[in-house]
Amino acid sequence: NIPGGYQQYTFSSLEVPLYLQYKIGMLGRNRVFLGAGPYFAVHTDGNVYLHSGSISSRADLLLGSKVGDQYKPIDFGAGINVGYQITQGLFLRLRSQMGILNAYPGPDNNTKIKSYSFCVSAGYIFYSRDKSGRLQINRDRSKQHNMRR
């Protein structure tokens, strides 16, 4: 604890979310989507920022699972997302995640540190279109059926 101040942690991480997505609406139209599922993350680097009044400082976080380390390098949790996708393939997504594992590596069972994140992202989904501009979706299952025989 810092009298009259606070600590802020930042991480560089490699994260793999495994979300199930459900899209509401017809393909080729504007759609809303919802998703939820687990994620797994490995923290590769981290910093702690200490703020107290007009004084601020930064230090590297010691990542590891031994006594003396400040934060565990592995994280696992669950997340949800909601978004909107327009016909042209652009989408906007809001995502929130919360860690399940205690990230504190020390022997003190009363100290708990859990991650929480919020994300806003935008992206583009690539579609193929026919000459009239309609979405081209290959659903010819006869080729797949013949290949199985």
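Residues numbered from 1 in each chain as written. Predicted model: local features only at pLDDT ≥ 70, side-chain atom pairs only at ≥ 80, totals over all residues. Heavy atoms only, no water.

A. Layout of the layout of surface pockets. Here the largest pocket is characterised by a volume of approximately 300 Å³. Lining the largest pocket are 18 residues, and of these His43, Asp75, Ser115, Tyr116 and Ser117 lie nearest its centre. If you list the elements that add at least two residues to the lining of the largest pocket, you get strand 1 (5–17), strand 3 (31–52), strand 6 (90–99) and strand 7 (116–124). (1 Å grid on protein atoms, 1.4 Å probe; cavity = no way out; pocket = protein on both sides within 12 Å on 5 of 7 lines; lining within 4 Å. Points joined across faces, edges and corners; volume = space filled by probe spheres on them. Helix = DSSP H or I, 4+ residues; strand = E, 2+ residues; numbered from the N terminus.)

B. How the structure looks around the pattern of salt bridges. Taken as a whole, this structure holds 2 salt bridges when the rule is applied. Between Asp60 and Arg58 there is a salt bridge, and its shortest N-O distance comes to 3.0 Å. The class of Arg58 is partly exposed, set by a relative accessible area of 49%. (Salt bridge = Lys/Arg side-chain N within 4 Å of Asp/Glu carboxyl O. Buried < 20%, exposed > 50% of the residue type's maximum accessible area, 1.4 Å probe, protein only.)

C. Region of the structure containing empty space enclosed by the protein. The tally for this structure, following the rule as stated, stands at 1 cavity of 30 Å³ or more. For the largest cavity, the calculated volume is near 30 Å³. Around the largest cavity, the lining residues are His43, Tyr71, Lys72, Ile74, Asp75, Leu101, Asn102 and Ala103. Its residues placed into classes, the lining of the largest cavity shows 4 nonpolar, 2 polar and 2 charged. (Nonpolar A, V, L, I, M, F, W, Y, C, P; charged D, E, K, R; others polar.)

D. Spotlight on the pairing of strand 5 (residues 74–85). Only one face of strand 5 is covered, namely the one carrying Asp75, Gly77, Gly79, Asn81, Gly83 and Gln85; the face carrying Ile74, Phe76, Ala78, Ile80, Val82 and Tyr84 has none of its residues buried. Here 12 bridges tie strand 3 to strand 5, and the two strands are oriented antiparallel to one another. In the strand pairing of strand 5, Ala36 is matched with Ile80. Bridge count between strand 5 and strand 6: 9 bridges; the pairing is antiparallel. Looking across to strand 6, one finds that Gln85 is bridged to Phe91. Joining the antiparallel neighbours strand 5 and strand 6 is a turn of 4 residues, in which Gly89 adopts a positive phi near 105°. (Pairing = 2+ DSSP bridges.)

E. Examining the packing of aromatic side chains more closely. Per the stated rule, a full pass over the model turns up 3 aromatic pairs. Geometrically, the ring pair formed by Tyr9 and Tyr71 is tilted, given 6.3 Å between the ring centres and 40° between the ring planes. Separated by 62 residues along the polypeptide, Tyr9 in strand 1 and Tyr71 in the loop between strand 4 (55–60) and strand 5 bring together distant segments of the chain. Owing to a relative accessible area of 36%, Tyr9 belongs among the partly exposed residues under this scheme. Judged by relative accessible area, Tyr71 falls into the buried class, the value being 4%. Taken together, a centroid distance of 6.2 Å and an interplanar angle of 75° make the contact between Phe33 and Phe91 edge-to-face. Of the two residues, Phe33 sits in strand 3 while Phe91 sits in strand 6, which places them 58 residues apart along the sequence. Across this residue pair, the class does not change: Phe33 and Phe91 are buried. (Phe/Tyr/Trp six-rings, centres within 6.5 Å; stacked < 30°, edge-to-face > 60°.)

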